Amino acid sequence: MSLPPEKASELKQLIHQQLSKMDVHGRIREILAETIREELAPDQQQLSTEDLIKALRRRGIIDDVMKELNFVTDSVDQELPSSPKQTVCFTDRQSTLLKKSDGTRMADSTTMLSISDPVHMVLIKTDIFGETTLVASYFLEWRSVLGSENGVTSLTVELMGVGTESKVSVGILNIKLEMYPPLNQTLSQEVVNTQLALERQKTAEKERLFLVYAKQWWREYLQIRPSHNSRLVKIFAQDENGINRPVCSYIKPLRAGRLLDTPRQAARFVNVLGYERAPVIGGGGKQEQWCTLLAFLCRNKGDCEDHANLLCSLLLGYGLEAFVCVGTKAKGIPHAWVMTCGTDGTVTFWESLTGHRYIHKPVNPDESPVAEQPKPLYPYRTIGCVFNHQMFLGNCQPSDSVEICVFDLNDESKWKPMSEEAIKSVCAPGATTSLPPFPPLCASTIDASVTSNEIEMQLRLLVSEHRKDLGLTTVWEDQLSYLLSPALASYEFERTTSISAGNEEFQDAIRRAVPDGHTFKGFPIHFVYRNARRAFATCLRSPFCEEIICCRGDQVRLAVRVRVFTYPESACAVWIMFACKYRSVL
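The paragraphs below set out a description of the structure included in this document. Source: prediction; values computed, not measured.

## Comments concerning the overall build of the protein
In step 1: The helix and strand tally for the protein stands at 16 helices and 20 strands.
In step 2: Looking at the protein as a whole, 45% of its 586 residues qualify as buried.
In step 3: Excluding contacts between residues fewer than 6 apart, the proportion of contacts in the protein whose partners are at least 24 apart in sequence is 65%.
In step 4: A total of about 30,800 Å² of accessible surface is found on the protein, and carbon and sulfur atoms cover 52% of it.

Spelled out as structure tokens, the structure:
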């Protein structure tokens, strides 16, 4: 009996968190340093793996880890899937089986040869300001190591750029692959090469058949109404490497484990990931580039399609019927958002860039002009298609206007579906043409209290220097700064739940803290980055905030409060409030 993929994902996440909590990697580094210092002879050049394992056992590290990681199972022979996620993600979906009994037995070479998932490597560049840039994304075929002598092989791969630079080399990477523990029996290189060749043929045939089917589906769609040619019906999309993939392959149900508790919290997490359009060289409109999930999460920012794909995957993980919608918003700008269909027929739009939710109530175009009609609050204008990991439907209603669109997806006179079997052949888990399984989300490594305090101290210094340049003195009031905390917590709670709470207590505390005859002013602002200098420069562009920072008067007291709210993958929402109080002088 093996765990389903979603359970295996949650298990891996728990193990990763436990190892981080125990600081296993730090302890291993310390022991490695001690062993090299104390036991390595001057004529030895390197420490063997066996020596390191002995040192770890001698100091009880392995025993400590095994005591913490206790699996409760119904059967001694039950097998658990294993797929570690580190900086380079390697995830199994075709049952890599590790026996739980003694921790030393693993799948044989034949079983491992059947695992077609590549190792996805993402190269990110981070500048001194913390800004990230996606440099390269590479899918490594690792199974050549199964046919190598002693289970060790070395590879040299050329990394190519992304987007418009996907044909430009960015460097050479030397990789050493080693099976650990070593395989009892290795395969011949001929067997490995034959397996890989057969898979490539199978993949090419599946892709060819799906392309033939997609062309036929598109011809039928255009025959319904010639004007359909101008609708945004997107069947394929290019990834960061310039490879065309079915849009359904970008979606897979994703469970957040214990990192996100509700669908609305998941929407807030996606919202605080940075927004950045794919760079365009020259004119000609928007550059086409959808990112794979690992590349998107590693750089912590992406386009609207990346946000919508992630949010849809998370909502599917919560058991909702979710779809990505492709259409336009104001001024005909192409856009992607998420839609959920309730069991009661309620259709809800989720804007992945803001976290806002909108209930869709269609307008009846045949209704009398004097009749009262629902007024749309959402920013969307047209819709061409909707899709998730199993379904793709093109909008074939007379008008593609969102406000009069009927979202009865089972009505084929309104929505033309693609064959679910055709989609499954190239997008389902286990299909050699699909992307590797999504990696589990990682818990935040940011200490919210420490980071909040650091940013606050930096902002105080920046404000003091700015006022000094203006010839003004600066007096900070710590108590007033502290009283701003409930307001910032209330703002984040409202962004997550759409419920306002706690504002009454905040206002009452401020009234008590500001004496009669004094004036209080406050300015809250929200960021998704932790660069204090960049945030301060942005705040000064607001006339109201500048008025507070540059306040002149009698008995001027300044306050600033920073509150960092952390989310998975080291994403965060940073709330800042500047405030001042002063004696009013006529």
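## Comments concerning the sheet that holds strand 12 (residues 334-341)
The strands making up a sheet associate through hydrogen bonds between their backbones, and the pairing can be parallel or antiparallel.
In step 1: The strand order 14-13-12-11-15-16-17 describes an open sheet built from seven strands, whose pairing is antiparallel. Looking at which strands have only one partner, the edges of the open sheet turn out to be strand 14 (357-360) and strand 17 (415-417). Ignoring which end each strand starts from, the neighbouring axes of this sheet average 35° apart.
In step 2: When strand 11 (residues 322-329) meets strand 12, the two strands line up antiparallel, connected through seven bridges. Paired with Ala322 across the two strands is Thr340, which belongs to strand 12.
In step 3: Relative to strand 12, helix 9 (residues 304-317) is tilted by about 10°, and along the sheet it contacts strand 11, strand 12, strand 13 (347-350) and strand 15 (380-387).

## Overview of the environment of Ser249
In step 1: Within the secondary structure, Ser249 is located in the loop between strand 8 (244-246) and helix 7 (263-272).
In step 2: With relative accessibility at 1%, the residue Ser249 sits in the buried group.
In step 3: Each C-alpha atom of the pair Ser249 and Cys427 lies 4.9 Å from the other, and the pair is 178 residues apart in sequence.
In step 4: In this structure, Ser249 is in contact with Cys427 and Leu435, ignoring residues within four places of it in sequence.
In step 5: Engagement of the side chain of Ser249 in a polar contact is seen with the backbone oxygen of Pro246, the distance being 2.6 Å.

## A few points about the side chain of Asp306
In step 1: Secondary-structure assignment places Asp306 in helix 9.
In step 2: Buried charge Asp306 goes without a salt bridge, the closest partner of opposite sign being Arg299 at 4.2 Å.
In step 3: If sequence neighbours within four positions are ignored, Asp306 has contacts with Trp290, Cys291, Phe296 and Arg299.

## Let's talk about the layout of surface pockets
In step 1: Volume-wise, the second largest pocket comes out at about 1,200 Å³.
In step 2: The wall of the second largest pocket is formed by 38 residues, among which Cys298, Arg299, Asn300, Glu569 and Ser570 lie closest to the centre.
In step 3: Of all the elements in the fold, those that place two or more residues in the lining of the second largest pocket are helix 1 (5-22), strand 3 (119-126), strand 9 (274-275), helix 8 (293-299) and strand 18 (518-527).
In step 4: Ranked by the residues each element gives to the lining of the second largest pocket, the list is headed by helix 8, at four residues.

## Re the packing of aromatic side chains
Ring pairs (aromatic) are described by centroid distance and by the angle formed between their planes.
In step 1: If you walk through the whole model with that rule in mind, you get 18 aromatic pairs.
In step 2: Three or more aromatic residues joined by ring pairs make a cluster, and in this case those are Trp217, Trp218, Tyr221, Tyr250, Trp290, Phe387 and Phe392.
In step 3: The ring of Trp350 has Arg357 sitting right over it, with the charged end atom 4.9 Å from the ring centre.
In step 4: Cation over ring: Arg534 sits above Tyr529, and NZ or CZ is 3.7 Å from the ring centre.

## Here's the deal with the side chain of Lys416
In step 1: By secondary structure assignment, the location of Lys416 is in strand 17.
In step 2: Apart from residues lying up to four places away in sequence, Lys416 is in contact with Trp217, Glu220, Tyr221, Ile224, Phe392, Leu393, Gly394 and Cys396.

## Considerations on the pattern of salt bridges
A pair can form between side chains of opposite charge whenever their charged atoms are brought close.
In step 1: Taken as a whole and judged by the stated rule, the model has 17 salt bridges.
In step 2: Linking Lys414 and Asp411 is a salt bridge whose minimum nitrogen-to-oxygen distance equals 3.0 Å.
In step 3: For Lys414, a relative accessible area of 25% puts it in the partly exposed group.
In step 4: Taking the shortest distance from any N to any O, the salt bridge between Arg561 and Glu456 comes out at 3.7 Å. A residue pair is termed long-range when its members are at least 10 positions apart, and Arg561 in strand 19 (residues 554-566) and Glu456 in helix 11 (residues 448-469) qualify at 105 residues.
In step 5: With relative accessibility at 22%, the residue Arg561 sits in the partly exposed group.
In step 6: In this structure Glu456 comes out as buried when scored by relative accessible area, which is 5%.
In step 7: One salt-bridge network, held together by shared partners, links Glu131, Glu276, Arg299, Lys301 and Arg534.

## Considerations on the pairing of strand 19
In step 1: Inspection of the sheet shows strand 19 paired to strand 20 (residues 572-583) by eleven bridges, in the antiparallel sense. Paired with Arg563 across the two strands is Trp575, which belongs to strand 20.
In step 2: Hairpin remark: strand 19 followed by strand 20, antiparallel, with five residues in the connecting loop; positive phi at Glu569, about 60°.

## Here we look at empty space enclosed by the protein
In step 1: Inspection of the entire model under this criterion finds five cavities of 30 Å³ or more.
In step 2: By volume, the second largest cavity amounts to about 70 Å³.
In step 3: Considering the residues around the second largest cavity, the lining is formed by Tyr250, Cys291, Thr292, Leu293, Phe296, Asp306, Asn309, Leu310, Ser313, Leu435 and Phe438.
In step 4: A per-element tally of the lining of the second largest cavity places helix 9 first, with four residues.
In step 5: A class-by-class count of the residues in the lining of the second largest cavity yields seven nonpolar, three polar and one charged.

Calculation rules
- Residues numbered from 1 in each chain as written.
- Predicted model: local features only at pLDDT ≥ 70, side-chain atom pairs only at ≥ 80, totals over all residues.
- Heavy atoms only, no water.
- Helix = DSSP H or I, 4+ residues; strand = E, 2+ residues; numbered from the N terminus.
- Buried < 20%, exposed > 50% of the residue type's maximum accessible area, 1.4 Å probe, protein only.
- Contact = heavy atoms within 4.5 Å.
- Areas by Shrake-Rupley, 256 points an atom, 1.4 Å probe, with all protein chains shown as cover.
- Pairing = 2+ DSSP bridges.
- Axes fitted to C-alpha atoms, helices over the stretch in contact; angles between N-to-C directions.
- Polar contact = N/O pair within 3.5 Å; in protein donor to acceptor, adjacent residues only side chain to side chain.
- Lys, Arg positive; Asp, Glu negative; His and termini not counted.
- Salt bridge = Lys/Arg side-chain N within 4 Å of Asp/Glu carboxyl O.
- 1 Å grid on protein atoms, 1.4 Å probe; cavity = no way out; pocket = protein on both sides within 12 Å on 5 of 7 lines; lining within 4 Å.
- Points joined across faces, edges and corners; volume = space filled by probe spheres on them.
- Phe/Tyr/Trp six-rings, centres within 6.5 Å; stacked < 30°, edge-to-face > 60°.
- Lys NZ or Arg CZ within 6 Å of the ring centre and 35° of its normal.
- Nonpolar A, V, L, I, M, F, W, Y, C, P; charged D, E, K, R; others polar.

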